[in-house]
Amino acid sequence: LAKTTQPISMDSYEGQEVNITCSHNNIATNDYITWYQQFPSQGPRFIIQGYKTKVTNEVASLFIPADRKSSTLSLPRVSLSDTAVYYCLVGDYSGGYNKLIFGAGTRLAVHP
Amino acid sequence: GAVVSQHPSWVICKSGTSVKIECRSLDFQATTMFWYRQFPKQSLMLMATSNEGSKATYEQGVEKDKFLINHASLTLSTLTVTSAHPEDSSFYICSASRDSRAEAFFGQGTRLTVV
């Protein structure tokens, strides 16, 4: 499974757009990129998943360049409740199950 | 979305006793579930893959005799921490997905404290 690298922490303010970039230089052809959010003492929550270009849902956007060696999670207009740890994961889900290996994640702190 | 539920949410046990944690997929069948452990301020560490009807697959360094996994049905996997010690105190989380290409859903986690 490809290794991912993210910033350890980020700070932002309410109402700002936050972009968290993840490097995955060894991503394989069949790998998808998935982002999860985790609050303290809770299980991770799925945010968004993509393979290439751009994916958008009601909570975030995911930008993936053509070489797919990195990806950027974009959170529009963050609020205090977006303070959490964000994990970028890369994996091949064609093998029969959804085995996820977590990296260190990015600890986002949103300030008033 | 799909729901994965864990029980109990927290448990305190005495050193030397065993504790069972349940993971249920509430609205879908999961032939495979995963168990993770998370220490404070650290990331999730995959412990094992739970396979319905067969033996679990453990990650390197995880003692299979200490962390017993049973996946007796398509909606239930259990993790039993045997002869628990204070160093086993941690946050245990399970995950499951509808199929290999669907996103994984995680349980709310179980906080185990061994005293």
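Rules behind the numbers
- Residues numbered from 1 in each chain as written.
- Chains lettered and ligands numbered in written order.
- Predicted model: local features only at pLDDT ≥ 70, side-chain atom pairs only at ≥ 80, totals over all residues.
- Heavy atoms only, no water.
- Helix = DSSP H or I, 4+ residues; strand = E, 2+ residues; numbered from the N terminus.
- Salt bridge = Lys/Arg side-chain N within 4 Å of Asp/Glu carboxyl O.
- Buried < 20%, exposed > 50% of the residue type's maximum accessible area, 1.4 Å probe, protein only.
- Phe/Tyr/Trp six-rings, centres within 6.5 Å; stacked < 30°, edge-to-face > 60°.

> Looking at this structure, I do not really get unusual backbone geometry. What am I missing?
For residues that are not glycine, phi is negative in most cases, and the peptide bond is trans in most cases. Look at the link from His7(B) to Pro8(B): it is a cis peptide, with omega at 0°. The topology assignment puts Pro8(B) in the loop between strand E1 (4-7) and strand E2 (10-13). The phi torsion at Arg77(A) lies on the positive side, around 50°, for a residue other than glycine. Although it is not a glycine, Ser83(B) sits at a positive phi angle of roughly 45°. The residue Ser83(B) is located in the loop between strand E8 (76-81) and strand E9 (90-96) in this model.

> I tried to follow the pattern of salt bridges on my own but got confused; where do I start?
Residues and elements named next belong to chain B. Taken as a whole and assessed by the stated rule, the structure comprises two salt bridges over all chains. For arginine 24, the salt bridge goes to glutamate 22, with nearest N and O atoms at 3.5 Å. Using a relative accessible area of 34% as the deciding quantity, one classes arginine 24 as partly exposed. Lysine 66 is the partner of aspartate 88 in a salt bridge, and the nearest nitrogen-oxygen pair spans 2.8 Å. With aspartate 88 in the loop between E8 and E9 and lysine 66 in the loop between strand E6 (57-58) and strand E7 (67-73), the pair connects residues that are 22 residues apart, well separated along the chain. Under the relative-accessibility criterion, lysine 66 is labelled buried at 12%.

> Looking at this structure, how should I read the packing of aromatic side chains?
According to the stated counting rule, one finds nine aromatic pairs over all chains in the structure shown. With centroids separated by 5.3 Å and ring planes inclined at 55°, the aromatic side chains of Tyr32(A) and Tyr51(A) adopt a geometry described as tilted. Here Tyr32(A), found in strand E3 (residues 31-38), pairs with Tyr51(A), found in the loop between strand E4 (45-50) and strand E5 (53-56); they are 19 residues apart in sequence, far enough to count as distant. Taking the relative accessible area as the measure of exposure, Tyr32(A) reaches 24% and is therefore partly exposed. With centroids separated by 5.7 Å and ring planes inclined at 50°, the aromatic side chains of Tyr36(B) and Phe106(B) adopt a geometry described as tilted. Remark: Phe106(B) occurs in strand E10 (residues 105-106) and Tyr36(B) occurs in strand E4 (residues 32-38); sequence separation between them is 70 residues. For the pair Tyr36(B) and Phe106(B), one class covers both residues: buried.

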